[in-house]
Amino acid sequence: MTPAHVHPAPFGAGVVGPVVAVAVLLVAAAYLLAAARLRHRGDRWPWPRDVSFTAGSAAVLWAVVGSLPGEPFTAHSAQHLTVAMAAPLLLVLARPLTLALRALPPCRARRALLAVLHARPAQWLMFPPLAALLDVGGLWALYRTPLFAAADEPVVHALVQAHTLAAGLLFTFAVCQLDPVRRRWGTALRGATLLAAGAAHAVLAKSLYATPPPGTAFTTADLRTGAQLMYYGGDLVEVGLALTLAVRWYVAGNRLAAGRGLALPRRGVVQTAKE
Amino acid sequence: MSRPAGPARPARPGKPRDLGEPLRPQPQTRRSLLVCALIGAAAMAAVDEIVFHQILSWHHFYDRSTTEVSLLSDGLLHTAELLGLVAGFFLYADLRRRRALSTAHAWAGFFFGLGIFQLFDGIVDHKLLRLHQIRYGVDVTPYDLAWNAAGAVLLATGSALAVRAYRRTRGRPRRTP
């Protein structure tokens, strides 16, 4: 296997790269326009969300059309981390669905969006353990079957990339549950899902350290660097997800107390009801 | 129900309802202990990872003799350590904002957690699962002894602190659930 065969760099070579780049730019522009529209009519839309969405889009763009540093497998790991884990977190933190529902006037597009969201298959997909299975299961299938070697074909490669991004988005969306969805799941279930998915990711990274994906020939040093990058980079994103969950839980406790007319005790002052 | 002495409650004659709940909740002793044990165990796991894996490079990232079960347990523990640190910190912050933290129990729990993880790592990870050894290329017995003795000392400290904390609170009225 020639090095060029192993490493189809840049990843979005051919027709796929520019198409993805244009799509990402359009989505990012739509987000920023919608946010601006909301602010223009006097609604509050915190600017860190704009920053987060822009950063997430830039990350996808960079991973798809840019060339990543390092040897083939390390570069692949970096791309995987960016497309499947970091970018989805940044995009989901920007609450794109909330923005769409607030910015769209009551038109056919908005009704269609709601219909898709409320459809039964969508509800199933947003069940956190299923989303995790699709995400991490897809990853195991990629690295532990001949699929990885087959992903040299541009079409297969593009499909694999699209699946990683979509599955990463779905998983992050289901675990963080920041946007309004009809069926809400408790913090415990989402936390347990995160634990299981994180463990599966860590195990896969460690096993890649020892055994390469079937049908590939990476150098040992490259394989080890890539596997460690996957392991510790995965940790960073998991901590980000855990913080998102924890902050939501903590703030919900505040709201719960306020809703019962009980302010939380502050500086030794005993309060009975909301002022 | 008796309430611990606190600032006098301002009279609010015109208020429509009295919420009747304890406004300064009594310390939740068991929760304080458990939450801090979680923080302690996760902190010890993090120290192990940072000091022995990263700084000293004594432990190996992956030992060739690692079996699949060990790999699974390692992945679970590693992720649990990260999530445990985050969850523990926020649960602790929640106890503090509700003024339900019992400091004595919290310390006891913290040392308990440190010791339990150290012993678990020394006995189950290193010896039973043989995930990795403390150090390679040397006689590992003194290292193992020191590792597990340190764990036992931490655990004993936690137990002593817990006994003291529970003795201290024994005289107080129990908190109704």
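1. Structural notes on the overall build of chain B
Line of reasoning, step 1. On a plain count of helices and strands, chain B comes out with four helices and zero strands.
Line of reasoning, step 2. Moving toward the C terminus, one meets the helices and strands of chain B in the order α-α-α-α.
Line of reasoning, step 3. For chain B, with 177 residues in total, the buried portion stands at 40%.
Line of reasoning, step 4. As presented, chain B carries roughly 10,100 Å² of accessible surface, and 64% of it is formed by carbon and sulfur atoms.

2. So, the overall build of chain A
Line of reasoning, step 1. In terms of helices and strands, chain A carries 12 helices and zero strands.
Line of reasoning, step 2. Counting from the amino terminus, helix and strand elements in chain A follow one another as α-α-α-α-α-α-α-α-α-α-α-α.
Line of reasoning, step 3. Residues counted as buried form 46% of the 275 residues belonging to chain A.
Line of reasoning, step 4. The contacts in chain A between residues at least 6 apart in sequence include a share of 74% that link residues at least 24 apart.

3. Remarks on the side chain of threonine 244 of chain A
Line of reasoning, step 1. Considering the arrangement of structural elements, one finds threonine 244 of chain A in helix 12 (residues 220-259).
Line of reasoning, step 2. Residue contacts for threonine 244 of chain A: discarding those within four places in its chain leaves Leu89, Leu93, Cys176 and Leu178 of chain A.

4. Regarding unusual backbone geometry
Line of reasoning, step 1. Phi angles above zero are rare outside glycine, and glutamine 177 of chain A is one such case at about 50°.
Line of reasoning, step 2. On the secondary structure map, glutamine 177 of chain A appears in the loop between helix 10 (154-176) and helix 11 (187-210).
Line of reasoning, step 3. Notably, arginine 99 of chain B is not glycine yet its phi reads approximately 55°, a positive angle.
Line of reasoning, step 4. Within the secondary structure layout, arginine 99 of chain B lies in the loop between helix 2 (68-97) and helix 3 (103-128).

5. Topic: the pattern of salt bridges
Line of reasoning, step 1. This structure, assessed with the given rule, holds six salt bridges over all chains.
Line of reasoning, step 2. The shortest N-O distance in the salt bridge between aspartate 50 of chain A and arginine 39 of chain A comes to 3.1 Å. Highlighted residues: aspartate 50 of chain A in helix 3 (residues 47-65) and arginine 39 of chain A in helix 2 (residues 16-40), separated in sequence by 11 residues.
Line of reasoning, step 3. Judged by relative accessible area, which is 12%, aspartate 50 of chain A ranks as buried.
Line of reasoning, step 4. Arginine 39 of chain A sits in the partly exposed class, given a relative accessible area of 33%.
Line of reasoning, step 5. As a salt-bridge pair, aspartate 94 of chain B and arginine 98 of chain B come within 3.2 Å of each other at their nearest N and O atoms.
Line of reasoning, step 6. Taking the relative accessible area as the measure of exposure, aspartate 94 of chain B reaches 6% and is therefore buried.

6. A few points about the packing of aromatic side chains
Line of reasoning, step 1. Under the definition given, this model contains 10 aromatic pairs over all chains.
Line of reasoning, step 2. Ring geometry for phenylalanine 73 of chain A and phenylalanine 218 of chain A: centres 5.1 Å apart, planes at 50°, overall tilted. Here the residue phenylalanine 73 of chain A occupies a position in helix 4 (residues 72-93), and phenylalanine 218 of chain A occupies one in the loop between helix 11 and helix 12, the gap between them amounting to 145 residues.
Line of reasoning, step 3. Judged by its relative accessible area of 0%, phenylalanine 73 of chain A is buried.
Line of reasoning, step 4. The class for phenylalanine 218 of chain A is buried, based on a relative accessible area of 13%.
Line of reasoning, step 5. Between phenylalanine 110 of chain B and phenylalanine 111 of chain B the ring centres are 6.1 Å apart and the planes differ by 80°, which places this aromatic pair in the edge-to-face class.

7. Some points on the side chain of threonine 164 of chain A
Line of reasoning, step 1. Along the chain, threonine 164 of chain A falls in helix 10.
Line of reasoning, step 2. Residues within four places of threonine 164 of chain A in sequence aside, it is in contact with His80 and Ala84 of chain A.

8. Looking at helix 3 of chain A
Line of reasoning, step 1. In a regular helix each residue adds 1.5 Å, so 19 residues correspond to 27 Å; helix 3 of chain A covers 27 Å between its end C-alpha atoms and thus fits that length.
Line of reasoning, step 2. On the buried face of helix 3 of chain A, the contacting elements are helix 2, helix 4, helix 5 (96-103) and helix 10 of chain A.

9. Looking at the confidence of the model for chain A
All names here are of chain A.
Line of reasoning, step 1. Chain-level pLDDT for chain A is 83 on average; 87% of the residues reach the 70-or-more range.
Line of reasoning, step 2. Of all helices and strands in chain A, the one with the weakest mean pLDDT is helix 1 (residues 3-6) (41), whereas helix 5 scores best (92).
Line of reasoning, step 3. Here residues 1-10 scores under 50 on pLDDT; set against residues more than four positions off or in separate chains, the count is 14 contacts.
Line of reasoning, step 4. Segment residues 267-275: pLDDT under 50, and 21 contacts once partners within four positions in sequence are set aside and those in other chains are kept.

10. A look at the environment of alanine 78 of chain A
Residues and elements named next belong to chain A.
Line of reasoning, step 1. Here alanine 78 shows up in helix 4.
Line of reasoning, step 2. Classification of alanine 78 by relative accessible area gives buried; the value is 16%.
Line of reasoning, step 3. Alanine 78 sits 148 residues away from glycine 226 along the chain, and the two C-alpha atoms are 7.7 Å apart.
Line of reasoning, step 4. When near neighbours in sequence (up to four residues on either side) are disregarded, alanine 78 contacts Leu68 and Leu229.

11. Some words on a nonpolar patch on the surface
Residue and element names in this part refer to chain A.
Line of reasoning, step 1. A cluster of nonpolar side chains, contributed by Trp124, Leu125, Phe127, Leu130, Leu133 and Leu134, occupies part of the molecular surface with about 550 Å² of accessible area.
Line of reasoning, step 2. Those elements that provide at least two residues to the nonpolar patch are helix 7 (120-125) and helix 8 (128-144).
Line of reasoning, step 3. Per element, the largest residue contribution to the nonpolar patch is three residues, and it comes from helix 8.
Line of reasoning, step 4. In this structure leucine 125 comes out as partly exposed when scored by relative accessible area, which is 36%.

12. Examining the packing of helix 1 (residues 29-55) of chain B against helix 2 of chain B
Residues and elements named next belong to chain B.
Line of reasoning, step 1. Here helix 1 crosses helix 2 at 140°, and the two axes come no closer than 8 Å. Every pair of crossing elements has a handedness; the one defined by helix 1 and helix 2 is left-handed. On helix 2, the residues that touch Arg31, Ser32, Val35, Cys36, Leu38, Ile39, Ala42, Ala43, Ala45, Ala46 and Glu49 of helix 1 are His78, Glu81, Gly84, Leu85, Gly88, Phe89, Leu91, Tyr92, Asp94 and Leu95.
Line of reasoning, step 2. For the contact of helix 1 with helix 2, a count of residues per class yields 13 nonpolar, four polar and four charged.

The rules we used
Residues numbered from 1 in each chain as written. Chains lettered and ligands numbered in written order. Predicted model: local features only at pLDDT ≥ 70, side-chain atom pairs only at ≥ 80, totals over all residues. Heavy atoms only, no water. Helix = DSSP H or I, 4+ residues; strand = E, 2+ residues; numbered from the N terminus. Buried < 20%, exposed > 50% of the residue type's maximum accessible area, 1.4 Å probe, protein only. Areas by Shrake-Rupley, 256 points an atom, 1.4 Å probe, with all protein chains shown as cover. Contact = heavy atoms within 4.5 Å. Salt bridge = Lys/Arg side-chain N within 4 Å of Asp/Glu carboxyl O. Phe/Tyr/Trp six-rings, centres within 6.5 Å; stacked < 30°, edge-to-face > 60°. Expected span 1.5 Å × (residues − 1). pLDDT = per-residue confidence, 0-100. Patch = residues over 30% accessible without salt bridge, like charges linked within 9 Å, V, L, I, M, F, W, Y side chains within 5 Å. Axes fitted to C-alpha atoms, helices over the stretch in contact; angles between N-to-C directions. Left-handed = near helix turned anticlockwise from the far one by under 90°. Nonpolar A, V, L, I, M, F, W, Y, C, P; charged D, E, K, R; others polar.

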